[in-house]
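# Survey of secondary and tertiary structure
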Amino acid sequence: MQNVLRGCERVMLYISTLSTFVLMLLTTADAGGRYIFNRPITGAYEVSTNYLMITAIFMAMSFGYREGSYIRVTLLPSHLRGRVKVVVNTFVQIISMLYGVMLVIATYRHALRTFEMHTTLSSLDFIPVGPAYVIVPVGLFFMSLAMLIDIPKVSKDKAPLFAENETITT
């Protein structure tokens, strides 16, 4: 299961990286067209914010979790030792994973509503917004799955995310 998840994370990371690269090219071309030729690219802002940024962020969520890139409040656990610290970390991991699952459900419902309303981009009314909104629950699902898989490691105090030195190696 872990190998499948890692493979999916790798593919999603490549998609996120490609999205970031295309976002950079589109923004540069739009700015160049606007300031050099006084002709911006129609819909560049909408495509950037509704597709490329969402893809760049949410396709990399699971990888960001795995690498320990998200902010963690460690005030309480840093003062705990032994079994109490493990129990607190496990509790926090379970609550965080459940919150991720709730976000998956909520964003999935929102994506369905967007499809039902046939919402399109404002300046490019032939491009639907719904497919971009499907990316959000997909990214959150894989992050929640990674958190679920890490619960046994956390409960045995073997999770690299909870290491004392906060350095994570892959």
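These notes cover the structure that comes with them. (Residues numbered from 1 in each chain as written. Predicted model: local features only at pLDDT ≥ 70, side-chain atom pairs only at ≥ 80, totals over all residues. Heavy atoms only, no water.)

### Brief notes about the packing of aromatic side chains
- According to the stated counting rule, one finds 1 aromatic pair in the structure shown.
- Relative to Phe142, the ring of Phe141 has its centre 5.4 Å away and its plane inclined at 80°; by these criteria the two rings are edge-to-face.
- The class for Phe142 is buried, based on a relative accessible area of 16%. (Phe/Tyr/Trp six-rings, centres within 6.5 Å; stacked < 30°, edge-to-face > 60°. Buried < 20%, exposed > 50% of the residue type's maximum accessible area, 1.4 Å probe, protein only.)

### Brief notes about a nonpolar patch on the surface
- Together, Leu18, Phe21, Val22, Met24 and Leu25 make up an exposed nonpolar region whose accessible area comes to about 460 Å².
- Topologically, Val22 is positioned in helix H1 (residues 2-36).
- Taking the relative accessible area as the measure of exposure, Val22 reaches 34% and is therefore partly exposed. (Patch = residues over 30% accessible without salt bridge, like charges linked within 9 Å, V, L, I, M, F, W, Y side chains within 5 Å. Areas by Shrake-Rupley, 256 points an atom, 1.4 Å probe, with all protein chains shown as cover. Salt bridge = Lys/Arg side-chain N within 4 Å of Asp/Glu carboxyl O. Helix = DSSP H or I, 4+ residues; strand = E, 2+ residues; numbered from the N terminus.)

### Remarks on the environment of Arg72
- Following the sequence through the fold, Arg72 ends up in the loop between helix H3 (61-66) and helix H4 (82-117).
- For the pair Arg72 and Val134, spaced 62 residues apart in sequence, the C-alpha separation works out to 27 Å.

### Side note on helix H2 (residues 44-58)
- The terminal C-alpha atoms of H2, which comprises 15 residues, lie 20 Å apart, in line with the 21 Å expected from a rise of 1.5 Å per residue.
- Buried within H2 are the following residues: Ala44, Glu46, Ser48, Asn50, Tyr51, Leu52, Ile54, Thr55 and Ala56.
- Considering only its buried residues, H2 is in contact with H1 and helix H5 (130-155). (Expected span 1.5 Å × (residues − 1). Contact = heavy atoms within 4.5 Å.)

### Let's talk about the pattern of salt bridges
- Scanning the entire structure with this criterion turns up 4 salt bridges.
- When the shortest N-O distance is used, the salt bridge between Asp150 and Lys153 registers 3.7 Å. Taken together, the residues span about one helical turn, with Asp150 and Lys153 both in helix H5 at a distance of 3 residues.
- What emerges from the salt-bridge pattern is a single network uniting Glu9, Arg66, Asp150 and Lys153.

### Brief notes about unusual backbone geometry
- Positive phi outside glycine occurs at Asn38, with the angle close to 55°.
- With respect to the secondary-structure elements, Asn38 resides in the loop between H1 and H2.
- On the accessibility criterion, Asn38 (64% relative accessible area) is exposed.
- In this structure, His118 is a non-glycine residue whose phi angle is positive, near 55°.
- Residue placement: His118 occurs in the loop between H4 and H5.

### Let's talk about the packing of H1 against H2
- One way to put it is that H1 packs onto H2 with a least axis distance of 8 Å and a crossing angle of 160°. In terms of orientation, H1 and H2 fall into the roughly antiparallel class. Crossing handedness for the pair H1 and H2: left-handed. Counting all contacts with H1, which are made through Ile15, Ser16, Ser19, Thr20, Val22, Leu23, Leu26, Thr27 and Asp30, the residues of H2 involved are Ala44, Val47, Ser48, Leu52, Met53, Thr55 and Ala56. (Axes fitted to C-alpha atoms, helices over the stretch in contact; angles between N-to-C directions. Parallel < 35°, antiparallel > 145°, perpendicular 65-115°, else oblique. Left-handed = near helix turned anticlockwise from the far one by under 90°.)

Interpretation in functional terms is not warranted from these geometric data alone.
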